[in-house]
Each structure stands twice: as structure tokens, then as C-alpha cells.
Amino acid sequence: MWHKYKFEENKTYSTKIGKTRLWIEKQKKIWRIASQIEEQKEFLSDGFQIIQTVPENIPWQQYVGDKNNNLQLLPNLPNQPVVIKPEIPFTIMAGMNLDIYVKIPLWIQLYSSSVKPENLLFEMSTTELSLTWFGDPTNGELAYSLQSDIIQKVPDNGSLTDEAICPINIRNDSLSILNFQRLSIDTNELNVYANQNLLCTNEVKVKFKGEEQNSEVNILHGSPAIAEGLKQIGYARSKPDKNLLRKSFYFIKSFTQY
Amino acid sequence: MFEFLLKYLEEPALIKIRNVLIIIIIGYALLQLIALFVRRVMWKNLDPQTKFIIHKAIIYTGIAIILLLVLRVLNLKITALLGAAGILGIVLGIASQTSIGNVISGIFLISEKSFEIGDLIRVDDKMGTVYSIDLLSVKLKTLDNLLIRIPNQTMISSEVTNITRFPIRRMDIDIGVAYKEDLKKVMGVLRKLAVNNPYCLDEPEPLILIKDFGESSINFLYGLWFEKSNYVTLRNSIIQEIKTTFEAEGIEIPFPHLTLYTGEATKPFPVQMKPETKGKQ
């Protein structure tokens, strides 16, 4: 479903990806796009279909484009870092490493012609994402809180169409144990790859160097080695810095809040 | 007549005036060019506070240089001028004590960096966005679009609260519930409301604290963390949600009230009806 669609004028098209339902109309040079997050997930593998009945009171937005009647539907990742909070905290001994796989909800992007930032018409999350703060209240970053599980192997049946699996290798390069409660990943620097039944991102390698130091984050170029036949279909919002040092782990220190 | 004018313009005094005007015009034009150049080249990565300081520094330095050049053209020596000022200088110094104090306070305010242009601050009972930090005063633009001028000396000696210094804040809401309510249930409802509100941050975790036994209610402190730009949206949405959810769950937010009893809480308050008597006229 992640490809170019041709839209006839004055007809309403709809599709649903995950919890997000999309409606699109083309009227001469104007694109009308509406979206709504619904309770239940659904995956319409046929993509956009013409509908006869359009619900009332849906929040339309209008975009002025050219006479081109094509839109490209592509997946991407959240526009802010995601904070992974494992249900059961992990402990990694000094010198050891751990491979985990995290399911990241996708964002839908619609491009009016070629895939360039200036042609991005519309984008939206496929599910409601909860805001959180990663780091100290005086100095940290706004992020999305991920409620998905951390899994230790790629599911045999692949992934759903509204999420991408991010392979992460965490290495404890310090002299102490790493007991992390939160892990932040900057999804702006990740691409989306797909084969027939799996959507995934670049592999991320995180080296923990101690509580007081920033971790070394490496985003590996190209598709990950977790599956075959992967092709890039979603493009990172920003180019990854090599060996980026950032605070990836946050250690909750108890303090009196009142 | 033209020749007369030309001759008149060649008088030494007029030559000086002409030169002064040329210096002022060219100096002013050059100053504007420099300011424009700096804006084009350096402005992009600078915060509003730094831009303001650089702009003021360029202007004041330029004016000082132009003034010195003008004095030189007029063959006026500054030392002589200052010497000639004498008593006038002393008088001016005493008169401008407050102004000098404001200037020095301004320098301390800028170097301390407790607030910058664009910050929302509270000074005593006044609240507004910092519009400018000038030599003598700080100007605030209030939320209802008024301009308040606060002398720097007042700023330096007042308690200043910078509301938007940090990227996130906690919104504290006082909620009172009736004494009959199940407190665990109330806390559960409040916790769920915080999780479901899109503007409330998951972390730091919301604070739900049973504060005290009030006169009419048991009082909670409900503290929700939010990104500083979402204050109004969060406040409006969460208070509506609290009201709606409490009504749906049957949780009472009591009005302030007093219970009178004659010594036994279980017995009704005794009321005696007296027959109507006609008063003496």
C-alpha cells in the first residue's frame, strides 16, 4: 500500500492505517484531507478506495497544489524521540550486550510529487502518542512515550502495517552494571524498510559508557540484517550524525516532589 | 546672488557646519549599513537577547564615534569641555544618580541572565513577557497587551519569577472532595485523567497528594507536568474532564458549608415553631 495513488477529481477516497482513518478529495488545484483516530485498528491493504458516503463534521484541511492528481503515501517514524520504558527493567552486566527489538508506531506521509521535504503535504501518526519528558525537568527533551513491548526476537509473522520494528543493540562499555528504566531513541534519523510482511528501521547500536557520561549512538547505514528482501520506503527526517553522543539512558532518581 | 551664496558658504564657520553635517549623514548611513550587514550575516543562530545587545552596542558605539568626530571637526577638546563643565557636571551627576544606578543595575541584570527577552516573568504583582532590556529599564508586555516600564533598580531589588525559564512546568490544581468519598477511587480517577489527557506529560509522573482535612472537604493537590506552551490548553481541558468525570463517577465536589448541631450529630437540629403574634404598634 505504500506507493503512488492517482485521485480523480471531485471524488472522496478513504483508507485506514492502524487507528487512523484518512479521507482525501481533489478539487482542481486543491487537495482536501481529513483524518481521525478511531478506537479500533484496521489495515486496509488495498489502500485508498472511493467512498460514496462521507461522514459529516470531519476536520478537513485544504492544501493548494498543482494540477497533478497523484499523491505518494509513505511511512515514516515519529517526529520526536521515543522513550522506551520496559515493563520489567533490564540489567546488563559490565562488558555485556543485549539485542532488543522495539515496535515503533508509524507516521503516514503524503507527498504531492517527488519525495522531497518541500513536497510533503500532510503527515500524521497512525495512533495516539502520549507526550513525555526525557531527562531532568530543567534540561531534557520532549518525546513520545512508547507503550509497546520490548521483544527479544523478530516476530515470525512480521509486523503490522502501522508499526516498524527497530533493532537495537545495547552494549555496556562501562565498569558498572547498567540497570536502565528508560531508553530514548531519536527516530528522526531512522529510515523505514519493508519486505512482504515486515516493516523495520535501521539498526541502532548504543554504547553505554557510565551514568555520568553520554552514550555513543550509532545508526547503521542501510537495511538491518534481520530479514531479507528489505527495500527502503520511508526516509529519515534528518541525516544521522556518526557516533552521536547523547543521553540515551535516564536513571530515575527518587526525590521529594512536594 | 549665486556667487554671494558661494562666498558665504566658504566662511570658516560654515565650512565646519558643512563638514559636521557630512560626518553625521555619512556616519548615520554607515551605521545603518553595518547594522544591516550584521543582521544578514550573524543573526540566524542568535537568541533575541543577544541580538538586542549587539544591536544596541553597534548603535551606541557608532553614535559615540560620530560624536567624537564632530567634536574634533569643531576643534572642541573633550577634556576642556569636561573641565569647563565644573559645577554643572557635579549638579548633573547628583541629578542623574538614579539614572546611573539604573544603568549599573541593567548591566548586572544582563550579566546575571535570570531572564531574557521573550521570557514570561512576574515582578511583584505584574506579569508580562520581557519586551526589551534597556539601559535604564526593563519593559514588559502584559498578556492583555499593555507595556509596563520597570526601572532596572526596581528589578534588581525585587523578587522576579521567571515562569518560562524551564521547558516544562507543573500545574497545581487544588481539588476538594466530600468527606464521604472513597479516596482511593478519587486518586484512581485522577490518575486515569492524567494518563488520558494528551497535554499532560507521562513523565515526570503527575503528583496526587492528599493535602489536608479541610473545613468542608478533603483536599487534594493535583500536579500535572506539561510543556510550557500548553498551559491554557491543559488547564481548560483537565478541569472540564475533572468535572465531567467526577459527575459520572458520583464524586462530590462540595460547596463550602457549615454543619450546625446541638451536641448530637445524629439527631436533627431542633426547630420550634412559634405562633404568630401581632406586634404592638
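Placed above this text is the structure.
My aim in this report is to walk through the structure given alongside it, one point at a time. (Residues numbered from 1 in each chain as written. Chains lettered and ligands numbered in written order. Predicted model: local features only at pLDDT ≥ 70, side-chain atom pairs only at ≥ 80, totals over all residues. Heavy atoms only, no water.)

### Details of helix α9 (residues 231–249) of chain B
All names here are of chain B.
Point 1. Over its 19 residues, α9 runs 26 Å from end to end, which matches the ideal 27 Å to within 8%, given 1.5 Å per residue.
Point 2. Residues of α9 that are buried include every one of L234, S237, I238, I242 and F246, and no others. Along the axis of α9, the buried positions cluster into a sector of 150°, meaning they face one direction only. For α9, exposure combined with an orientation more than 90 degrees from the buried face picks out V232, Q240, K243, T244, E247 and A248.
Point 3. Directly beyond the C-terminal end of α9, a positive phi value near 75° is found at G250. (Helix = DSSP H or I, 4+ residues; strand = E, 2+ residues; numbered from the N terminus. Expected span 1.5 Å × (residues − 1). Buried < 20%, exposed > 50% of the residue type's maximum accessible area, 1.4 Å probe, protein only. Arc of directions from axis to C-beta.)

### With respect to the sheet that holds strand β7 (residues 207–213) of chain B
Residues and elements named next belong to chain B.
Point 1. If you trace the three strands from one edge of the open sheet to the other, you get β6-β8-β7, paired in antiparallel fashion. Because the sheet does not close on itself, it has two edges, and the strands there are β6 (168–177) and β7. Ignoring which end each strand starts from, the neighbouring axes of this sheet average 25° apart.
Point 2. Running over the sheet, helix α8 (residues 183–196) touches β6, β7 and β8 (218–227) and is turned about 15° from β8.
Point 3. Taken strand by strand, α9 contacts β6 and β8, and its axis lies near 25° from that of β6. (Pairing = 2+ DSSP bridges. Axes fitted to C-alpha atoms, helices over the stretch in contact; angles between N-to-C directions. Contact = heavy atoms within 4.5 Å.)

### Re the interface of chain B and chain A
Point 1. Opposite the 17 residues of chain B that make contact, chain A presents 13 residues.
Point 2. Across the chain B-chain A interface, the total number found is two salt bridges.
Point 3. Applying the counting rule to chain B against chain A returns six residue pairs in polar contact (both at pLDDT 80 or more).
Point 4. Across the side of chain B that touches chain A, the residue classes break down as eleven nonpolar, no polar and six charged. (Salt bridge = Lys/Arg side-chain N within 4 Å of Asp/Glu carboxyl O. Polar contact = N/O pair within 3.5 Å; in protein donor to acceptor, adjacent residues only side chain to side chain. Nonpolar A, V, L, I, M, F, W, Y, C, P; charged D, E, K, R; others polar.)

### Some words on helix α6 (residues 97–112) of chain B
All names here are of chain B.
Point 1. When the terminal C-alpha atoms of α6 are compared, their 22 Å separation across 16 residues agrees well with the 22 Å that a helix rising 1.5 Å per residue should span.
Point 2. Within α6 the residues assigned to the buried category are G101, N102, S105, G106 and L109. Angularly, the buried residues of α6 cover 145° about the axis, an arc narrow enough to put them on a single face. Exposed and facing more than 90 degrees away from the buried side of α6 are Q97, I107, F108 and S111.
Point 3. Just downstream of α6 lies K113, where phi reads positive at about 60°.

### Considering the pattern of salt bridges
Point 1. Tallied over the entire structure, the rule returns 19 salt bridges over all chains.
Point 2. Here R32(A) makes a salt bridge to E25(A), at a shortest N to O gap of 2.9 Å.
Point 3. Accessibility expressed as a relative area gives 18% for R32(A), which makes it buried.
Point 4. Exposure remark for E25(A): the relative accessible area of 10% places this residue in the buried category.
Point 5. Residue D174(B) is joined to K211(B) by a salt bridge in which the shortest nitrogen-to-oxygen separation is 3.0 Å. Pair noted here: D174(B) is in strand β6 and K211(B) is in strand β7, with a separation of 37 residues, a long-range link.

### What to know about unusual backbone geometry
With the exception of glycine, the majority of residues adopt a negative phi angle, and the majority of peptide bonds are in the trans configuration.
Point 1. Put simply, E203(B) and P204(B) share a cis peptide bond, and its omega is 0°.
Point 2. On the secondary structure map, P204(B) appears in the loop between α8 and β7.
Point 3. Positive phi outside glycine occurs at N57(A), with the angle close to 60°.
Point 4. You can see N57(A) is positioned in the loop between β4 (49–51) and β5 (60–64).

### Things to note about the side chain of T132(A)
Point 1. Turning to its location among the elements, T132(A) is positioned in strand β12 (residues 130–136).
Point 2. Within the structure, the side chain of T132(A) is placed 3.0 Å from the backbone nitrogen of E203(B), a separation counted as a polar contact.
Point 3. With sequence-adjacent residues up to four places away left out, T132(A) is seen in contact with V83(A), E141(A), L142(A), A143(A), Y144(A), S145(A), L201(B), D202(B) and E203(B).

### Here we look at the sheet that holds strand β3 (residues 30–43) of chain A
Residues and elements named next belong to chain A.
Point 1. Strand order in the open sheet formed by four strands is β4-β2-β3-β5, with antiparallel pairing between adjacent strands. This sheet does not close on itself; its edge strands, each paired only once, are β4 and β5. Strand-to-strand twist in this sheet, taken as the mean axis angle between neighbours without regard to direction, amounts to 45°.
Point 2. The sheet contact formed by strand β2 (residues 12–27) and β4 spans three bridges and is antiparallel. Each residue of the ladder has a partner; that of S14, found in β4, is Q49.

### Topic: the packing of α8(B) against α9(B)
Residue and element names in this part refer to chain B.
Point 1. With their axes 11 Å apart at the nearest point, α8 and α9 run at an angle of 140° to one another. Taken together, the axes of α8 and α9 are oblique relative to one another. Considering how the two elements wind past one another, α8 and α9 form a crossing that is right-handed. Along the contact surface, α8 presents K185, V186, V189, L190 and L193, while α9 presents I238, E241, I242, T245, F246 and E249.
Point 2. Of the residues assigned to the contact of α8 with α9, the class counts are seven nonpolar, one polar and three charged. (Parallel < 35°, antiparallel > 145°, perpendicular 65-115°, else oblique. Left-handed = near helix turned anticlockwise from the far one by under 90°.)

### Remarks on the nonpolar core
Point 1. By size, the foremost hydrophobic cluster in this structure holds 58 residues, and its most contacted members are F48(A), L73(A), I100(A), L110(A), I168(A) and V204(A).
Point 2. Not counting residues within four places of it along the chain, the set of residues in contact with I100(A) comprises F90(A), I150(A), I151(A), C166(A), P167(A), I168(A), I170(A) and L183(A).
Point 3. Residues I175(B), V177(B), I238(B) and F246(B) belong to the second largest nonpolar core, which totals 22 residues. (Core = buried A, V, L, I, M, F, W, Y, C linked by side-chain atoms within 4.5 Å.)

### Regarding a nonpolar patch on the surface
Point 1. Together, L30(B), L33(B), I34(B) and L36(B) line one region of the surface with nonpolar side chains, adding up to about 350 Å² of accessible area.
Point 2. Relative to the assigned elements, L33(B) resides in helix α2 (residues 12–42). (Patch = residues over 30% accessible without salt bridge, like charges linked within 9 Å, V, L, I, M, F, W, Y side chains within 5 Å. Areas by Shrake-Rupley, 256 points an atom, 1.4 Å probe, with all protein chains shown as cover.)

### With respect to the packing of aromatic side chains
For any two aromatic rings, the description comes down to two numbers: the centre-to-centre distance and the angle of the planes.
Point 1. Summed over the entire model, instances satisfying the criterion amount to eight aromatic pairs over all chains.
Point 2. Ring geometry for F7(A) and F48(A): centres 5.3 Å apart, planes at 70°, overall edge-to-face. With F7(A) in the loop between β1 (4–6) and β2 and F48(A) in the loop between β3 and β4, this residue pair connects regions lying 41 residues apart in the sequence.
Point 3. Ring geometry for Y179(B) against F213(B): centres 6.3 Å apart, planes inclined by 15°, an arrangement best described as stacked. Taken together, the positions of Y179(B) in the loop between β6 and α8 and F213(B) in strand β7 put the pair 34 residues apart, joining distant regions of the chain.
Point 4. Looking at Y179(B), the relative accessible area reads 43%, which means it is partly exposed.
Point 5. Counting every residue linked through ring pairs, the aromatic cluster contains Y5(A), F7(A), Y13(A), W31(A) and F48(A).
Point 6. It is R237(A) that lies over the ring of W107(A); its NZ or CZ is 5.5 Å from the centre. (Phe/Tyr/Trp six-rings, centres within 6.5 Å; stacked < 30°, edge-to-face > 60°. Lys NZ or Arg CZ within 6 Å of the ring centre and 35° of its normal.)

Keep in mind that these numbers describe shape and distance, not what the molecule does.
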